[in-house]
Amino acid sequence: MKVAIIGYGVVGSGVYEILKKNAKGIARRAGLELEVGYVLDIRDFPDHPEKEIFVKDFNIILNDPDVSVVVETMGGIRFAYEYTKAALESGKSVVTSNKELVAAHGHEFFALAEEHGCRYLYEASVGGGIPIIRPLAHCLAGNEIESVSGIINGTTNYILTKMFKNGQTYESALKEAQELGYAEKDPTADVDGHDVCRKISILASLCLGKRVDSNNVPTAGIRSITVEDVSYAAILSSSIKLVGYASFKDGKAGVFVSPMMIPKCNPLAGIDYVNNGIMVKGNMVGECMFYGPGAGKLPTASAVVGDIIDIAKNSAYIPEFAWTVPDEPATFDPAEIESKFFVRVRPRGEDAVRAEFGDVKFISGVSDVGFVTDVMSEKEIDRRLKKVSGFVSKIRMYQ
């Protein structure tokens, strides 16, 4: 089976490496040999051992009837969208690691794949090398999924780990992450939660079979997390992690992205540095956790190659990985989801707190006090906090 790779960056070069290095084992599992026929990139690679397979014109790939699978690892939206659409319309299956593209246009590509009898697969778009898309579609298919949540961004997890383990400020931990290559020069997509938003929207869409538009998911990042928050979390035997969270009921999803306090007894609390972890709760299986490297050249490329092998076994369209655009909204307001909250207020606000939240136990901090609420919705806590003077911040607690 002839494969074309679009984009020879970190992931694309990893896909090439795995297909070459593990060729015999892959052929045995796929039932046929996989050949890299083309690599599309705007750059030249004159020293590459197979420099003759590099091309700059996508039409060369599109017009070769022997190319069965196009691997899109170029990232971004504009050209990735055009090339993916053209490939599917020509009956070529597409495998991608591009979470931005899947979140924005996955529903269109599934429809095209069905129309033209091919496949669109995206295991590598969430969790890097962690298997999560296929387990949700296959292994847990007998369950009604009640919730999916997790730590699915290595950059923010690295920063928060450094703040907890080393007592660093957000600013110093971010600078270190940038120096090590874990964070981009412009870290906005990571630290403001946009990356997590796209990934949790993909997982929620897969679980529902209906598109969850990432543009409608309330999203908060980690810029506001302080060393004081870290100190309070330690007192409460908890960690703070940036979590993508989706809860399902009555055929709809409540989805949000937010920093959360996770108790140390929960396995998600111990996931540190650039690792990712995803918790799935099914009504029959209970809780399952998927853990591993959430990014990186070979882990992500490993997930891509797994999808290629899947297509080698069955290239015809199947609906299990797809979702459609619903006639009515697929989501409910996540502010209805109940949990405990950790709240910080100025010391002079204690009386107002007791009036609204009862006889809470206060924890003294450097310049304020904190307390943990009973279980309630975010709508309810926001209503009560409007009556509390000296409110500083609140963090949802994971449960």
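Residues numbered from 1 in each chain as written. Predicted model: local features only at pLDDT ≥ 70, side-chain atom pairs only at ≥ 80, totals over all residues. Heavy atoms only, no water.

(A) Looking closely at the packing of aromatic side chains. In this structure the tally under the stated criterion is 19 aromatic pairs. Measuring from centroid to centroid gives 4.8 Å for Phe-110 and Trp-323, while their planes differ by 75°, and the two rings are edge-to-face. With Phe-110 in helix 5 (residues 99-116) and Trp-323 in the loop between helix 12 (297-313) and strand 12 (338-339), this residue pair connects regions lying 213 residues apart in the sequence. In this pair, the class of Phe-110 matches that of Trp-323, namely buried. Aromatic side chains Tyr-245 and Tyr-398 sit 6.2 Å apart centroid to centroid with 75° between the ring planes, which places their arrangement in the edge-to-face category. Of this pair, Tyr-245 sits in strand 8 (residues 238-249) while Tyr-398 sits in the segment after strand 17 (391-397), and the two are 153 residues apart along the sequence. Positioned above the aromatic ring of Phe-332 is the side chain of Lys-249, whose terminal nitrogen or guanidinium carbon lies 4.8 Å from the ring centre. Arg-396 extends its terminal NZ or CZ atom over the ring of Phe-256, reaching a point 4.6 Å from the ring centre. (Phe/Tyr/Trp six-rings, centres within 6.5 Å; stacked < 30°, edge-to-face > 60°. Helix = DSSP H or I, 4+ residues; strand = E, 2+ residues; numbered from the N terminus. Buried < 20%, exposed > 50% of the residue type's maximum accessible area, 1.4 Å probe, protein only. Lys NZ or Arg CZ within 6 Å of the ring centre and 35° of its normal.)

(B) How the structure looks around the sheet that holds strand 3 (residues 54-55). Spatial ordering of the open sheet is given by 3-2-1-4-5-6, a layout of six strands whose pairing is parallel. In this open sheet, the two strands that pair with only one neighbour each are strand 3 and strand 6 (120-121). Strands strand 1 (2-6), strand 4 (67-72), strand 5 (93-96) and strand 6 of the sheet are contacted by helix 12, whose axis makes an angle of about 160° with strand 5. (Pairing = 2+ DSSP bridges. Contact = heavy atoms within 4.5 Å. Axes fitted to C-alpha atoms, helices over the stretch in contact; angles between N-to-C directions.)

(C) Main features of the nonpolar core. Val-15 and Ile-308 are the most contacted members of the largest nonpolar core, which has 106 residues in total. Setting aside residues no more than four positions away along its own chain, Ile-308 makes contact with Met-1, Val-3, Val-15, Leu-19, Leu-34, Val-69, Val-71 and Val-95. (Core = buried A, V, L, I, M, F, W, Y, C linked by side-chain atoms within 4.5 Å.)

(D) Structural detail: the side chain of Asn-157. On the secondary structure map, Asn-157 appears in helix 7 (residues 154-166). Polar contacts involving the side chain of Asn-157 include one to the main-chain carbonyl oxygen of Asn-275, which spans 3.2 Å. (Polar contact = N/O pair within 3.5 Å; in protein donor to acceptor, adjacent residues only side chain to side chain.)

(E) Here's a closer look at the packing of helix 1 (residues 10-21) against helix 12. At their nearest, the axes of helix 1 and helix 12 sit 8 Å apart, and the two run at 60° to each other. Note on packing geometry: the crossing formed by helix 1 with helix 12 is right-handed. On the side of helix 1, the interface is formed by Val-10, Val-11, Ser-13, Gly-14, Val-15, Glu-17, Ile-18 and Leu-19, while helix 12 contributes Lys-297, Leu-298, Thr-300, Ala-301, Ser-302, Val-304, Val-305 and Ile-308. Taken together, the residues of the contact of helix 1 with helix 12 break down into ten nonpolar, four polar and two charged. (Left-handed = near helix turned anticlockwise from the far one by under 90°. Nonpolar A, V, L, I, M, F, W, Y, C, P; charged D, E, K, R; others polar.)

(F) Structural context of the layout of surface pockets. Size it by volume and the largest pocket reaches roughly 1000 Å³. Broken down by class, the residue content of the lining of the largest pocket amounts to eleven nonpolar, 16 polar and ten charged. (1 Å grid on protein atoms, 1.4 Å probe; cavity = no way out; pocket = protein on both sides within 12 Å on 5 of 7 lines; lining within 4 Å. Points joined across faces, edges and corners; volume = space filled by probe spheres on them.)

(G) Representation of empty space enclosed by the protein within the structure. Counting across every chain of the model gives one cavity of 30 Å³ or more. Forming the walls of the largest cavity are Phe-110, Cys-118, Arg-119, Tyr-120, Leu-121, Tyr-317, Ile-318, Phe-321 and Ala-322. In terms of residue class, the lining of the largest cavity is built from eight nonpolar, no polar and one charged.

(H) Focus on unusual backbone geometry. Here the phi dihedral of Asp-250 falls at roughly 55°; this positive angle occurs in a residue that is not glycine. In this structure, Asp-250 sits in the loop between strand 8 and strand 9 (252-263). On the basis of relative accessible area, Asp-250 is assigned to the exposed category, the value being 76%. Despite not being glycine, Tyr-273 has its phi angle at roughly 55°, a positive value. Note that Tyr-273 resides in the loop between strand 9 and strand 10 (275-282). With relative accessibility at 33%, the residue Tyr-273 sits in the partly exposed group.

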